[in-house]
Amino acid sequence: MRLRYIGLRLIKTVLVTVVVVLLSFFMIHAVPGDAATVMAGQAGYADETYMKNLRAEYGLDQPLPVQLWAYVDRVAHGDLGTSFVRREKVLSIIMERLPNTMLLDAFALLVAAGGGITLGAMAARRPGSAGDSAVTTLAMLFYAVPQFWLGMMMVLVFGVWLNWLPPFGIETMGADYTGLARIADVGQHIILPGVTLAFYFMASYARLTRTAMIDVADQDFVKTARAKGISERQVQRRHILRNALIPLVTYAGLQASILVGGSVLVENVFSWPGVGTLAFQAVLARDNPLLLGIFIVTSVLVCLFNLITDIAYSLVDPRVELG
Amino acid sequence: MLDRRAMLGAAACALPGRSWASAGSSRRVITAMMTDDPATLCYPLFNTRLTQEICGNINESLLLFDWQFKPQPNLARSFEMSPDGLTYVFHLRNDVLWHDGVPFTAKDVAFSCGVMLPQVNPRSRAAFSHIASIKTPDRYTVEMRLSQPFSAFLLSFMASNGPMMPAHIYEGTDFRTNPYNLKPIGTGPFKFAEWKRGQYIHLARNEHYWKPGQPGMDGMYYRICPTPEQRLVAMETGAVDVAMADDIDTVVASRLINNPGIVTRNDAYYGTAEIAIMELNMRRWPFSDRRFRAAFLHAVDREFLVKAINFGHGKVATGPIPSTVPYYDPKALTLYPHDPTKAKALLDEMGLKPKLGGSRHRFSIMLTPDGGGEMTRNAQYIKQALAQVGLEVELQATDWPTQLRRSSNWEFDCAGNAYGEYGDPAIGTSRFYLSSNIRKGVPLTNEQGYVNPEVDSLFAQAARAVTHEEAQRHYSRLQQILTHDVAMLWLYERYPLFFHNKRLKNVVMGPNGPSDGFGATALA
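Residues numbered from 1 in each chain as written. Chains lettered and ligands numbered in written order. Predicted model: local features only at pLDDT ≥ 70, side-chain atom pairs only at ≥ 80, totals over all residues.

**Q** Any chance you could explain the overall build of chain B here in plain terms?
**A** The number of helices and strands found in chain B is 15 helices and 21 strands. Relative to the compact-globule value of 24 Å for 524 residues, chain B shows a C-alpha radius of gyration of 24 Å, a close match. The principal-axis extents of the C-alpha atoms in chain B amount to approximately 75 × 65 × 40 Å. A buried classification covers 51% of the 524 residues belonging to chain B. (Helix = DSSP H or I, 4+ residues; strand = E, 2+ residues; numbered from the N terminus. Rg over C-alpha atoms; globule rule 2.2 N^0.38 Å. Buried ≥ 20, exposed ≤ 12 C-beta atoms within 10 Å, placed from the backbone.)

**Q** How should I be thinking about the sheet that holds strand β19 (residues 498-501) of chain B in this particular structure?
**A** As a general point, the strands of a sheet are linked pairwise by backbone hydrogen bonds and lie either parallel or antiparallel. Residues and elements named next belong to chain B. Across the sheet, which stays open at both edges, the three strands sit in the order β11-β19-β12 with antiparallel pairing between neighbours. Among the strands making up the open sheet, the edge pair consists of β11 (242-243) and β12 (262-265). Bridge analysis of β12 against β19 gives four bridges, and the strand direction is antiparallel. Within β19, the residue paired with T264 across the bridge is F499. (Pairing = 2+ DSSP bridges.)

**Q** Looking at this structure, how should I read the interface of chain A and chain B?
**A** Size of an interface, as often reported, equals the accessible area lost when the parts are brought together. Across the contact, 49 residues belong to chain A and 49 residues belong to chain B. The set of elements that each furnish at least two residues to the side of chain A that touches chain B consists of α2 (35-43), α3 (48-58), α5 (90-125), α7 (147-161), α12 (264-269) and α13 (275-285) of chain A. No other element matches α7 of chain A, which puts nine residues into the side of chain A that touches chain B. Broken down by class, the residue content of the side of chain A that touches chain B amounts to 27 nonpolar, 13 polar and nine charged. (Contact = placed C-beta atoms within 7 Å. Nonpolar A, V, L, I, M, F, W, Y, C, P; charged D, E, K, R; others polar.)

**Q** In this structure, what is going on with the pairing of strand β18 (residues 489-494) of chain B? I would like to understand it.
**A** Successive side chains on a regular strand alternate, one facing one side of the sheet and the next facing the other. Residues and elements named next belong to chain B. Burial within β18 is extensive, with six of its six residues counted as buried. Of the pairings in the sheet, the one linking strand β13 (residues 274-280) to β18 comprises five bridges and is antiparallel in character. Residue pairing in the sheet places E274 in a bridge with R494 of β18. Pairing analysis gives three bridges linking strand β14 (residues 314-316) to β18, with the strands arranged antiparallel. Paired with V316 across the bridge in β18 is Y492.

**Q** Explain the environment of D348 of chain B here, please?
**A** All names here are of chain B. If you trace the backbone, D348 turns up in helix α10 (residues 340-349). On the basis of neighbour count, D348 is assigned to the partly exposed category, with 15 C-beta atoms found within 10 Å. Separated by 239 residues in sequence, D348 and V109 place their C-alpha atoms 59 Å apart.

**Q** Whenever I open this one, α3 of chain A confuses me. Can you help?
**A** Residues spaced three or four apart along an α-helix point in a common direction, a consequence of the helix completing one turn every 3.6 residues. Residue and element names in this part refer to chain A. Here α3 has its buried residues at Y50, M51, L54 and Y58. Within α3, the buried residues cover an arc of 95° as seen down the axis, which keeps them to one side. Downstream of α3 by a residue or two, G59 has a phi angle that is positive, lying close to 75°. (Arc of directions from axis to C-beta.)

What follows is the structure, encoded as structure tokens:
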């Protein structure tokens, strides 16, 4: 049953990807200006031969349907093409950056979920108390602060003023650490961007956990548990929190999908060499093959995350069946 | 949207600076910045300022130029020009090695100037297309014969126009896909070491460099700093040593100028000699009328533009040729000082009388997409200034591809831009005024559609001139005609700021600034 379900979902993923390819191909080509114009403009000097050579090299002189067919044909053969501007294989460029983004996202997800659930659980213990108000207010604040601003403040306070953590980049430039030293180095660099990225989501986790736990706390089986004389701590952890997890799983899945493409601002502020910055630069340069490649890879990832979320439901709550 | 720079500025002022990259001021490495990975490290293939700044350390040219733009020996130890201006002979140094150990010879020069540069680089093509034949009588002599005299020929050997490329690497290959485009080989003081995509480019010391005592440092890093806030903080904390043109927005530049640990230069780009301009589409009325263009200049207070909008970093441009380069002739110019009354009179004269509500004419200015930077602020001020004389301006926001496409396809009224002179009017200036350079679809050509047969013939004569005096005569006449015609709206000469940490010395050595590399740079 489960395997059949996963198979069906994978077929849907392929269909979604095809639609993404078609839509984004036409959307990109509806935008005025092409890579040849941008490159000529950046070079500060151009003539017809230069433009003609560039357009011929990129196939931009072909009619649109021909370009589309050539592209779809290549993608079907597992080739995402060559970046106009960087003159390298799109897939290898993305694969070089993707692990960095995934690392940052995973870190942010853990910090957000861990911190948010802890805060939410604390707040839910005594709704209406001073502690509860503090957590709710704090959560609202984290939720409302713009990420780039928070990022810049992090840089100033922890990077420049206190000088505790390196504010830019993913590792120390030219240090060439290996093994544990490298992990420690990257670990230091990930804290500021990771926490900045996590803050926004942490707020949502805190509020979701609080609400769900207050809901669950009213239900009969909790009263039964208390009546049996189980310690309050056990009741909170075993009976209330675990049953409040379902909405959190939904949210984690959603967050993972958002993070894959949505960390552009934070990546930029911290010079994090991820997919977000890459996509941003690709748009500015009208680097269509690279941009399309990023769309395809991220849409596949989003589909996979959704699938994982659905499977996670059935693990957290055995009542949920796949099918 | 919130103003990020202002917020950062306010916050940073309150905090005492401390360095998180404090490896000490004695580290013998220069760190500079870039906004993104460059497209290629093949100098002539994609000749942007970023490529120049990096490859200027790797690839060298035959000549260097002093502050008066007089040619100085470099890879060529001497050169001669025949009296008819048709033959140039270069005598090369015999002690120069490419980074892979192969000797640099006449063959490389013939290949670079005769084959590779004219084929891939439009800027080199404009100059080297005058070469009829190249002979290499021996390993270290190159003889170039021109089809007709070209007064700017030697200036084409500025590193940014004529970098020497290795024949043994490129000859017979597809220049665009050659793997060495990503790991370049040159003769310069630093050699390519590592390129960590998305992070940095590392150049290492060339132990076999031919200039005695150089390079003064052990290596260079170009690290990616995509946001302006980061670049400012990196410079203030000493995490990077050098901030090049446009790395730092003029709005926050004063923080570095007033920083006692940082040296500010405004002459590092004299060789490029950029003028900020507004282009008008002269195919459309009333832009086709000289009086309208004169009124435009009279209405705009360009002193204010330089002093208030650009914090004094520049100088009012009086004509097509910047005041910092040869052939500038102040006596030939018609000047257009700030004079709104005169502007109104000119508009009245051409029949653009105020309609009900005070507006005489409505048109659009296409904003340069510089993220609210200098060019956007210029346009915003100009909109206000023109409103004072009854011209109503609509500012149109674009991104780069759109801006370039619209301007090169002549779909605009007025557009902000800037152009570089690159040492000689025949290289950088004439392309905007020659009627033969009206090319639809090609950016940075005569997009205004300015046509004047006399100007065409004068530019041709000046380029063909054999002596400096003869060329000067033609260029003086040209400046007279072009300023009388108001052939373009010249706003101000740009002096982009260049900053370096005080721990370094010998950083800017000539009018080409960072494009000539950091070989001479050493610890102060």
